[in-house]
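Analysis of the macromolecular model
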Amino acid sequence: MGSHNHDSDDVKLFKDMKELAPTEFKAWLDLDKIVGREDGKIPRKYRELIALAVAHVTQCVYCIDAHAKGAKKAGATREEVVETTFLAAALRAGGAAAHGTLALKLYDRA
């Protein structure tokens, strides 16, 4: 059996992280709660879809899990989730292309 770097049971380690760095853990948790705001100018469904796109770009499997479920609960369709995925992919590719211009500039300066 091959090894892998993440497992759904890994989230149980958040309890240890909370005990090891309680102030930082609370700050992170409070920051994460802004996605779930119901009283913001951006509706909850769009907050979840934005968070899902960011999760794809940052490649956080646990965030993808949480925000795919959150998007569904907030009324997002399967089509919206897939479009969100491809929007994230396009922006990530755009970032690589933009950094490609930097690489070319630095190459030319060398």
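Right above here is the structure, for reference.
Residues numbered from 1 in each chain as written. Predicted model: local features only at pLDDT ≥ 70, side-chain atom pairs only at ≥ 80, totals over all residues. Heavy atoms only, no water.

Moving on, we get to the side chain of arginine 47. Tracing the backbone shows arginine 47 in helix α3 (residues 44-58). The charged side chain of arginine 47 is buried without a salt bridge, its nearest counter-charge being aspartate 39 at 6.0 Å. Sequence-distant contacts of arginine 47, defined by excluding residues within four places in its chain, comprise Ile34, Val35, Arg37, Gly40, Lys41 and Ile42. (Helix = DSSP H or I, 4+ residues; strand = E, 2+ residues; numbered from the N terminus. Buried < 20%, exposed > 50% of the residue type's maximum accessible area, 1.4 Å probe, protein only. Lys, Arg positive; Asp, Glu negative; His and termini not counted. Salt bridge = Lys/Arg side-chain N within 4 Å of Asp/Glu carboxyl O. Contact = heavy atoms within 4.5 Å.)

What the largest pocket holds in volume is close to 620 Å³. Contributing to the lining of the largest pocket are 22 residues, with Trp28, Asp32, Cys60, Cys63 and His67 lying nearest its centre. Of all the elements, α3 adds the most residues to the lining of the largest pocket, at 6 residues. In terms of residue class, the lining of the largest pocket is built from 17 nonpolar, 2 polar and 3 charged. (1 Å grid on protein atoms, 1.4 Å probe; cavity = no way out; pocket = protein on both sides within 12 Å on 5 of 7 lines; lining within 4 Å. Points joined across faces, edges and corners; volume = space filled by probe spheres on them. Nonpolar A, V, L, I, M, F, W, Y, C, P; charged D, E, K, R; others polar.)

Once that is clear, we can look at the pattern of salt bridges. Counted by the stated rule, this structure contains 8 salt bridges. In this structure, glutamate 38 and arginine 44 form a salt bridge, with 2.8 Å as the shortest nitrogen-oxygen distance. What makes glutamate 38 exposed here is its relative accessible area of 60%. Looking at arginine 44, the relative accessible area reads 26%, which means it is partly exposed.

Here we come to the packing of aromatic side chains. Enumeration according to the criterion identifies 3 aromatic pairs in this entry. Centroid distance phenylalanine 14 to phenylalanine 25: 6.4 Å. Interplanar angle 55°. Geometry classified as tilted. Residue phenylalanine 14 is located in helix α1 (residues 14-20), and its partner phenylalanine 25 is located in helix α2 (residues 22-32); the two are separated by 11 residues in the primary sequence. Judged by relative accessible area, which is 13%, phenylalanine 25 ranks as buried. (Phe/Tyr/Trp six-rings, centres within 6.5 Å; stacked < 30°, edge-to-face > 60°.)

Right, let's talk about the packing of α3 against helix α5 (residues 78-109) for a bit. At a minimum axis separation of 9 Å, α3 and α5 run at an interaxial angle of 45°. One element, α3, and the other, α5, form an angle in the oblique class. Seen from above, α3 lies across α5 with right-handed handedness. Facing α3, whose interface residues are Lys45, Leu49, Leu52, Ala53, His56, Val57 and Thr58, α5 presents Glu80, Val81, Thr84, Thr85, Ala88 and Arg92. (Axes fitted to C-alpha atoms, helices over the stretch in contact; angles between N-to-C directions. Parallel < 35°, antiparallel > 145°, perpendicular 65-115°, else oblique. Left-handed = near helix turned anticlockwise from the far one by under 90°.)

So, on to α3. Between its first and last C-alpha atoms α3 spans 21 Å; for 15 residues at 1.5 Å apiece the expected length is 21 Å, and the two agree. Buried within α3 are the following residues: Arg47, Glu48, Leu49, Ala51, Leu52, Ala53 and Ala55. Of the surrounding elements, those touching the buried residues of α3 are α4 (61-73) and α5. Two residues or fewer past α3, glutamine 59 is found with a positive phi of approximately 60°. (Expected span 1.5 Å × (residues − 1).)

By secondary structure assignment, the location of histidine 67 is in helix α4. For histidine 67, a relative accessible area of 10% gives the class buried. Ignoring anything within four residues of it in the chain, the contact list for histidine 67 reads Asp32, Val35, Glu48, Ala51 and Leu52.

The quantities given are spatial measurements derived from coordinates; they are silent on function.
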